[in-house]
Amino acid sequence: MSRHRSLVRRAELALAALTVLVGWADVVGQLRSGSGRGDGDGWLLGFAVVATLGLTVLLVAQRHGRHLYAALALVLVAVSPTVFAYPLNLAILALVVVELFRSVAGRARRA
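Residues numbered from 1 in each chain as written. Predicted model: local features only at pLDDT ≥ 70, side-chain atom pairs only at ≥ 80, totals over all residues. Heavy atoms only, no water.

Engineer: Would you mind going over the overall build of the protein chain with me for this structure?
Structural biologist: Across its full length, the protein chain carries four helices and zero strands. Tracing the protein chain from N to C terminus, the helices and strands come up as α-α-α-α. The buried share of the protein chain, taken over its 111 residues, is 32%. The contacts in the protein chain between residues at least 6 apart in sequence include a share of 70% that link residues at least 24 apart. Carbon and sulfur atoms make up 68% of the accessible area of the protein chain, which amounts to about 7,100 Å² in all. (Helix = DSSP H or I, 4+ residues; strand = E, 2+ residues; numbered from the N terminus. Buried < 20%, exposed > 50% of the residue type's maximum accessible area, 1.4 Å probe, protein only. Contact = heavy atoms within 4.5 Å. Areas by Shrake-Rupley, 256 points an atom, 1.4 Å probe, with all protein chains shown as cover.)

As structure tokens, then:
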């Protein structure tokens, strides 16, 4: 694996992990505030779980070199409830485009 690819992988993992952690911090903050039921706490918790699942799938997809699965995993990470940190979600979506490009480029090389 080239140095550039390794840096892209590490950057993707770091950004995805940061996004998931910020999302969980928001969920915990919302739950600790005790604002009561019906304020969307369940939705935030669900989004945080989905984002964590996406991070797990990203780790496996990167290990096996599956760029399309990595792109789909990053879409799941992008649903992380990062309140007031939407640039993280936008950066994740930009990485989705990078992974899709890498997937198409890999298929073109094999053809």
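Next, the rest of the story.
Engineer: Please explain helix α2 (residues 41–64) as it appears in this structure.
Structural biologist: Here α2 is 24 residues long and its end C-alpha atoms lie 35 Å apart, about the 34 Å a rise of 1.5 Å per residue gives. Of all the positions in α2, only Asp-41, Leu-44, Ala-48, Ala-51, Gly-54, Leu-55, Leu-58, Ala-61 and Gln-62 are classed as buried. Following α2 by one or two positions, Gly-65 adopts a phi angle in the positive range, close to 70°. (Expected span 1.5 Å × (residues − 1).)

Engineer: Whenever I open this one, the packing of aromatic side chains confuses me. Can you help?
Structural biologist: Within a pair of aromatic rings, the relevant descriptors are the distance that separates the centres and the angle that separates the planes. Applying the stated rule across the entire model yields one aromatic pair. On the numbers, 6.0 Å between centres and 40° between planes, the contact of Trp-43 with Phe-47 is tilted. One end of the pair, Trp-43, and the other, Phe-47, are both in helix α2, four residues apart, so they sit about a helical turn from each other. (Phe/Tyr/Trp six-rings, centres within 6.5 Å; stacked < 30°, edge-to-face > 60°.)

Engineer: Please clarify how the nonpolar core should be interpreted in this entry.
Structural biologist: Where a protein is soluble and globular, its nonpolar side chains tend to be buried together. Counting 18 residues, the largest nonpolar core has Ala-16, Leu-55, Leu-58, Leu-74, Val-77 and Ile-92 as its most contacted members. For this core, the elements supplying multiple residues, two or more each, are α1 (3–32), α2, α3 (67–77) and α4 (86–110). Element by element, the count of residues in this core is highest for α3, at five residues. Discounting chain neighbours no more than four positions away, the residues touching Leu-55 are Leu-13, Ala-16, Ala-17, Val-20 and Val-77. (Core = buried A, V, L, I, M, F, W, Y, C linked by side-chain atoms within 4.5 Å.)

Engineer: Looking at this model, I keep getting lost on α3. Mind explaining?
Structural biologist: Helical geometry: 3.6 residues make up each α-helical turn, so side chains three or four residues apart lie on a common side. Within the sequence span of α3, burial applies to Ala-70, Ala-71, Ala-73, Leu-74 and Val-77. Down the axis of α3, the sector holding all buried residues measures 165°, keeping them to one side. (Arc of directions from axis to C-beta.)

Engineer: How do you make sense of the packing of α2 against α3 when you look at a structure like this?
Structural biologist: A pair of packed helices is characterised by two quantities: the angle between their axes and the separation of those axes. Taken N-terminus to C-terminus, the directions of α2 and α3 make an angle of 160°; their axes are 7 Å apart at the nearest point. By the angle class used here, α2 and α3 are roughly antiparallel. At the point where α2 passes α3, the crossing takes the left-handed sense. Here α2 contributes Val-50, Ala-51, Gly-54, Leu-55, Val-57, Leu-58 and Ala-61 to the contact with α3, which in turn contributes Tyr-69, Ala-70, Ala-73, Leu-74, Leu-76 and Val-77. When the residues that make up the contact of α2 with α3 are grouped by side-chain class, the tally is twelve nonpolar, one polar and no charged. (Axes fitted to C-alpha atoms, helices over the stretch in contact; angles between N-to-C directions. Parallel < 35°, antiparallel > 145°, perpendicular 65-115°, else oblique. Left-handed = near helix turned anticlockwise from the far one by under 90°. Nonpolar A, V, L, I, M, F, W, Y, C, P; charged D, E, K, R; others polar.)

None of this, on its own, says anything about what the molecule does.
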